[in-house]
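For reference, the chains in residue letters:
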Amino acid sequence: MHGSSHNSSCQHYNCGRFAFNAGCRVGEHTEQLWSMLKDLVGKLRYAKRATRQDLIDACLSLIARLKVPQMPKLLKQRWLRNCKALDKYTREFNERISAAAADGVVDVQMAMNAYIEHLCPSSLLPASDTDASKAKLAELLLKLWSVDISVETRQQLAAMAPALAAGVFSESSHQAKLENKIRILEKKLRVPRRWQRHDQVFQEAHTLLVQSKMAECRNRAEQCVLELREIHNSRQEEGAASKVTQASRSAEKRKRSKLSKLALEMEAWGGADFHITQQSLTEFIRGGPAPWEETPASVSAAKHLQHGRLLYEAAHNQRRCEEEKQILGQEKRRLLHWTLWSQTAIQEALARHQGLGRDFWLHKALLQSKDMEAQVMQLSW
């Protein structure tokens, strides 16, 4: 749902699709329940507090009374949909294994691990939290030095970090915020005095900053290339006349523009000796080596990433359906236990209120509970 608009690394940590023991839950059940009360908004707007509470309680009780008898039927429908989805995802996973094997990617787990490492790289980030703080401090200092500086200083700064020196700020409020952030990091790192550009410690922090920025740009560029390859594959499957194909052209244009901007940013951080041509980017999109790789082994690495993502998503879809089967089995047992408990409670109420004029409603509730028990017992799993 909403999680599909987040980037892949965010989904890896937070999306229920990749969370263990999550099943195939839709989520937002409370939001769905409150949406059933939208017809009361006009009436409740001018009601008193006690009246408003009584109306909400009455409406929720009505929803519960209407929904409870349908629970066995809804549980069965959910089971059938889940079985159908499990068969679909199992076939899809097997098809992707075959497609990966045809491209020479035999080790499925290695390909998925390569994709996970691409999403959450451990070797390309600063080695420790202290290194990350030093790199952040160097970045903030470069931004601060870009505020109201002379032409000569701007040229020196551009030679060190063109990506930051290009955006020159002059607002005093922005400068004050930068000063505050720098003081916090200096206190955290116990820096005795403000770093200068010629200091050795700043040069080391600047190197960490360049490495982390280059790693971030590479990861984003590789992710963009994977998405472009998926768009190309879906276009071939749908055909040229498909509406999906026509809609994908604008998405492909946006991805290519984003990739070109990332290449320019990498050139800015990489220095004068680092250059990425448009031809090398086009070859990378078509399955060739990445422009920033020094060895041609990145062809197989690109295939591992491409198939690793497809296998990773298919494997988790299949796993969520398997978990959903277990959850639905537990829901069946809970519903059966509730019907037996409700029958006992209703029978005790009948014994207490016998002859008081309430037998009709209690007998009706008892018949409804027994009918639900019979429906639950007919469920075949």
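None of the values given here were measured: they were computed from a predicted structure.

What follows covers the overall build of the protein. Regarding its fold elements, the protein presents 15 helices and zero strands. Burial status across the protein gives 35% buried among its 381 residues. Contacts spanning at least 24 positions in sequence make up 74% of the contacts within the protein whose residues lie at least 6 apart. Carbon and sulfur atoms make up 54% of the accessible area of the protein, which amounts to about 23900 Å² in all.

Turning our eyes to something else, we now look at the side chain of arginine 320. Mapping arginine 320 onto the fold places it in helix α14 (residues 298-352). Classification of arginine 320 as buried rests on a relative accessible area of 3%. Residues within four places of arginine 320 in sequence aside, it is in contact with Gly16, Arg17, Phe18, Ala19, Phe20, Asn21, Ala22, Gly23 and Cys24.

Here we take up the nonpolar core. Of all hydrophobic cores here, the largest spans 35 residues; its most connected members are Leu259 and Trp292. If you list the elements that add at least two residues to this core, you get α7 (129-145), α10 (172-189), α11 (200-238), α12 (243-270) and α13 (278-285). Listed in part, the 17 residues of the second largest apolar core include Cys15, Phe93, Val108 and Met112.

Moving on to the confidence of the model for the protein. Scored by pLDDT, the protein comes out at a mean of 80, with 82% of its residues at no less than 70. Across the protein, the secondary-structure element scoring lowest on mean pLDDT is helix α9 (residues 162-165), at 53, and the one scoring highest is helix α5 (residues 71-102), at 92. Contacts of residues 123-127 to residues separated by more than four positions or lying in other chains number eight contacts, the stretch itself having pLDDT below 50.

Right, let's talk about the side chain of asparagine 317 for a bit. Relative to the elements of secondary structure, asparagine 317 occurs in helix α14. You can call asparagine 317 buried: its relative accessible area is 11%. Residues in contact with asparagine 317, not counting those within four places in the same chain, are Arg17, Tyr89 and Glu92.

The terminal C-alpha atoms of helix α15 (residues 359-378), which comprises 20 residues, lie 29 Å apart, in line with the 28 Å expected from a rise of 1.5 Å per residue. Listed as buried for α15 are Leu362, Leu366, Ser369, Met372 and Val376. All buried residues of α15 project into a common sector of 125° when viewed along the axis, lining one side. With respect to the buried face of α15, the exposed residues turned more than 90 degrees away are Phe360, Leu367 and Gln378.

Calculation criteria
- Residues numbered from 1 in each chain as written.
- Predicted model: local features only at pLDDT ≥ 70, side-chain atom pairs only at ≥ 80, totals over all residues.
- Heavy atoms only, no water.
- Helix = DSSP H or I, 4+ residues; strand = E, 2+ residues; numbered from the N terminus.
- Buried < 20%, exposed > 50% of the residue type's maximum accessible area, 1.4 Å probe, protein only.
- Contact = heavy atoms within 4.5 Å.
- Areas by Shrake-Rupley, 256 points an atom, 1.4 Å probe, with all protein chains shown as cover.
- Core = buried A, V, L, I, M, F, W, Y, C linked by side-chain atoms within 4.5 Å.
- pLDDT = per-residue confidence, 0-100.
- Expected span 1.5 Å × (residues − 1).
- Arc of directions from axis to C-beta.

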